[in-house]
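Results of the structural survey
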Amino acid sequence: MLIVQKYGGSSVANTERIFNVANRIIEYYKQGHDVIVVLSAQGDTTDDLIEKVKEISKSPSKREMDMLLSTGEQQSVALMAIALTEMGYPCISLNAAQVGMITTADYGNARIKKIKTERIKREIERKNIVLVTGFQGINNFDDITTLGRGGSDTTAVAIAAALHADKCEIYTDVDGVYTADPRVVKNARKIKEITYHEMLELASLGAKVLHNRSVELAKKYNVELVVRSSLTKAEGTIVKGGFNMEKMSVSGIAGDDKVARVALIGIDDTPGKAFEVFNALAKGNINVDLIIQSIGHEGKKDISFTIDTDALEDTKKIINNNIDRLGVKVVDFEQDLAKVSIVGAGMATDAGVASSMFEAMFDAHINIHMISTSDIKISILVNKADMKKAMCALHDKFALQY
Ligand code: ADP
Ligand code: ASP
Ligand code: MG
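Attention in this report is confined to the structure presented alongside it. (Residues numbered from 1 in each chain as written. Chains lettered and ligands numbered in written order. Predicted model: local features only at pLDDT ≥ 70, side-chain atom pairs only at ≥ 80, totals over all residues. Heavy atoms only, no water.)

1. Thoughts on the overall build of the protein
Within the protein, the secondary structure is distributed over 12 helices and 18 strands. On C-alpha atoms alone, the protein measures out to a radius of gyration of 23 Å, which is about the 21 Å that the 2.2 N^0.38 rule sets for 402 residues. Structurally, the protein occupies a C-alpha span of about 75 × 50 × 35 Å along its principal axes. The buried share of the protein, taken over its 402 residues, is 50%. Relative to all contacts within the protein whose residues are 6 or more apart in sequence, the contacts with residues 24 or more apart total 75%. Just so you have it, the protein exposes about 19,200 Å², and 50% of that area is on carbon and sulfur atoms. Each charge class in the protein can be summarised by its mean position, and for the 49 positive and 53 negative side chains these summaries are 3 Å apart. (Helix = DSSP H or I, 4+ residues; strand = E, 2+ residues; numbered from the N terminus. Rg over C-alpha atoms; globule rule 2.2 N^0.38 Å. Buried < 20%, exposed > 50% of the residue type's maximum accessible area, 1.4 Å probe, protein only. Contact = heavy atoms within 4.5 Å. Areas by Shrake-Rupley, 256 points an atom, 1.4 Å probe, with all protein chains shown as cover. Lys, Arg positive; Asp, Glu negative; His and termini not counted. Charge placed at Lys NZ, Arg CZ, Asp CG, Glu CD.)

Here it is as structure tokens:
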């Protein structure tokens with residue numbers, strides 16, 4: 001069997017954890033399987049590198065950021081190779097350039113275009129355990145790129161898809177996907193199986209247990225994923241295609257506390273203004289999430305939208321450069337907000353879900369700033385300080401606990 005395993009940062013955080021993972025890898029290898037292992041940077045390495053940069057520059061070059069952040073993963077694979085060699089097992093570590101992990105040129109948010117599988121296949125034929133850096137790629141200029149925070153999951157799924165692996169296991173510090181982040185909602189319940197569709201929504205709405213693009217890829221190439229703990233033997237959660245037979249109205253809750261809101265007040269109420277705003281943002285590679293436009297009054301209207309807080313500085317620059325052209329009177333930037341979402345495939349046919357959600361917020365005295373709905377989710381914008389309370393209240397309301 002060809003098995004792809006990915007171990008996250010906390011699973012390889014220190015020497016003891018590296019040996020723990022090495023033992024798990026060896027267990028599979030000794031059973032005669034071909035094993036490819038994708039690793040993340042140890043513990044908080046990536047965050048620490050970002051903090052180091054903040055001491056030097058407010059607007060570092062994105063190319064140089066990727067050059068720096070990719071070093072964490074390279075440390076992990078080399079350390080793991082050294083550990084496995086010490087234990088007497090044949091292995092080799094490979095970075096993105098050595099694998100041929102070709103991505104788009106977008107530093108900090110690159111997408112995988114192609115994986116040249118020859119090198120990995122050759123190493124597997126030699127019976128090596130192959131250790132691959134997660135999160136990084138190389139672009140057409142032979143420069144190092146990264147796939148966005150949490151991107152090692154996507155590296156693993158992409159390799160599993162390219163090599164038609166029999167198994168793709170994502171090892172992390174919780175023993176599966178829960179109905180809500182178990183660190184926030186204490187009585188959250190482990191989900192045995194979840195569809196790609198629901199998992200994609202949860203991941204995109206803030207459940208960082210899986211990188212959303214890894215779920216997108218898994219769905220596209222039909223790679224069945226197992227999310228498990230690297231510290232226990234507990235059975236994990238299976239993420240796969242098909243239908244959710246139970247069609248629960250609400251199957252999970254996600255929170256994202258890195259949300260900023262931009263309000264453009266008093267824009268000219270003429271055709272094309274929304275296009276001008278969002279076209280300028282799109283050109284600047286800014287992902288816009290919730291959008292609200294007010295009804296016009298006396299020739300003016302207001303448009304508010306949310307973005308990731310990491311994009312706030314770039315967004316401010318773009319908006320400030322366009323204020324006069326848009327005829328905006330006041331611009332208001334607000335941080336310290338959070339998006340809380342409920343996800344469920346059965347929501348589309350259950351008319352009472354939205355009202356129950358708002359009732360739970362009313363009972364918990366939580367003010368809702370923005371609302372967005374689709375057939376599989378409802379998201380609300382609340383103050384960051386209210387996020388945990390909102391998630392717990394919704395978890396209780398929809399009776400998702402044990
Ligand atoms: P890794 O370093 O292994 O990639 P992450 O920190 O990226 O780990 O993701 C695991 C974390 O995701 C957990 O520690 C948990 O706090 C968080 N999380 C958020 N939502 C969920 C959820 N619905 N189920 C499980 N974990 C979740
Ligand atoms: N080390 C990277 C990060 O912290 C990638 C990952 O962990 O998946 O975002
Ligand atoms: Mg992760």
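2. Focus: the site of ligand 1
Taken together, 17 residues surround ligand 1, and among them Thr172, Asp173, Tyr178, Asp181 and Arg183 come closest. A distance of 2.9 Å separates an oxygen atom of ligand 1 from a polar side-chain atom of arginine 183. In this structure, an oxygen atom belonging to ligand 1 sits 3.4 Å away from a side-chain N or O atom of lysine 208. Looking at the shell around ligand 1, its residues break down into eight nonpolar, four polar and five charged. (Near = heavy atom within 4 Å. Polar contact = N/O pair within 3.5 Å; in protein donor to acceptor, adjacent residues only side chain to side chain. Nonpolar A, V, L, I, M, F, W, Y, C, P; charged D, E, K, R; others polar.)

3. Some words on the site of ligand 2
Taken together, the neighbourhood of ligand 2 is formed by Ser40, Ala41, Thr46, Glu73, Phe135, Arg149, Gly150, Gly151 and Ser152. Between ligand 2 and glycine 150, the relevant distance is 2.9 Å, taken from an oxygen atom to a main-chain nitrogen or oxygen of the residue. Between ligand 2 and the protein, one listed contact pairs an oxygen atom with a backbone N or O atom of serine 152 at 3.0 Å. Summarising the interface, the protein chains cover 86% of the accessible area of ligand 2, which totals 260 Å² for the free molecule. Split by residue class, the shell around ligand 2 holds two nonpolar, five polar and two charged.

4. Comments concerning the sheet that holds strand S18 (residues 377–383)
Across the sheet, which stays open at both edges, the six strands sit in the order S14-S15-S13-S16-S18-S17 with antiparallel pairing between neighbours. Taken across any chain shown, the strands that pair with only one partner, and hence form the sheet edges, are strand S14 (291–293) and strand S17 (370–373). The mean angle between the axes of side-by-side strands here comes to 25 degrees, regardless of whether they run parallel or antiparallel. Note that S14 and strand S15 (residues 300–308) share three bridges and pair antiparallel. Paired with isoleucine 292 across the bridge in S15 is serine 304. Against the sheet, helix H9 (residues 273–283) touches strand S13 (252–268), S14 and S15, its axis set at about 25 degrees to S15. Running at roughly 20 degrees to S18, helix H11 (residues 353–363) makes contact with strand S16 (330–343), S17 and S18 of the sheet. (Pairing = 2+ DSSP bridges. Axes fitted to C-alpha atoms, helices over the stretch in contact; angles between N-to-C directions.)

5. Concerning the environment of leucine 225
With respect to the element layout, leucine 225 can be found in strand S11 (residues 225–229). Taking the relative accessible area as the measure of exposure, leucine 225 reaches 0% and is therefore buried. Measuring from C-alpha to C-alpha, the distance between leucine 225 and methionine 387 comes to 29 Å, with 162 residues separating the pair along the chain. In contact with leucine 225, not counting residues within four places along its chain, are Val157, Cys168, Leu210, Ala218, Thr237, Ile238 and Val239.

6. Observations regarding the packing of H9 against helix H10 (residues 312–326)
Angle between the axes and distance between the axes: these two values describe a pair of packed helices. Look at H9 against H10: their axes get within 10 Å of each other, and the N-to-C directions meet at 150 degrees. Relative to H10, the element H9 lies roughly antiparallel. The handedness of the crossing between H9 and H10 comes out as right-handed. Across the interface between the two elements, Lys273, Glu276, Val277, Ala280 and Leu281 from H9 touch Thr315, Ile318, Ile319, Asn322, Arg325 and Leu326 from H10. Looking at the contact of H9 with H10 residue by residue, the class counts come to six nonpolar, two polar and three charged. (Parallel < 35°, antiparallel > 145°, perpendicular 65-115°, else oblique. Left-handed = near helix turned anticlockwise from the far one by under 90°.)

7. Here's the deal with the side chain of serine 70
Mapped onto the fold, serine 70 is located in helix H3 (residues 62–86). A relative accessible area of 3% means that serine 70 is categorised as buried. Among the polar contacts made by the side chain of serine 70, one reaches the main-chain carbonyl oxygen of aspartate 66 at a distance of 2.8 Å. Among all residues touching serine 70, those that are not within four sequence positions of it are Gln136 and Ile144.

8. Some thoughts on H9
Residues of H9 that are buried: Lys273, Val277, Ala280 and Leu281. Relative to the axis of H9, the buried residues are bounded by an arc of 100 degrees and lie together on one face. Of the exposed residues in H9, the ones pointing more than 90 degrees away from its buried face are Phe275, Ala282 and Lys283. Backbone geometry just after H9 places asparagine 285 at a positive phi near 65 degrees. (Arc of directions from axis to C-beta.)

9. Quick notes on the pairing of S16
Relative to S16, S13 runs antiparallel, the two being bridged by 11 bridges. Across the sheet, residue alanine 254 finds its bridge partner in S16, namely serine 341. Where S16 lies against S18, seven bridges are found, and the strand directions are antiparallel. Bridge pairing links isoleucine 342 to isoleucine 378 in S18.

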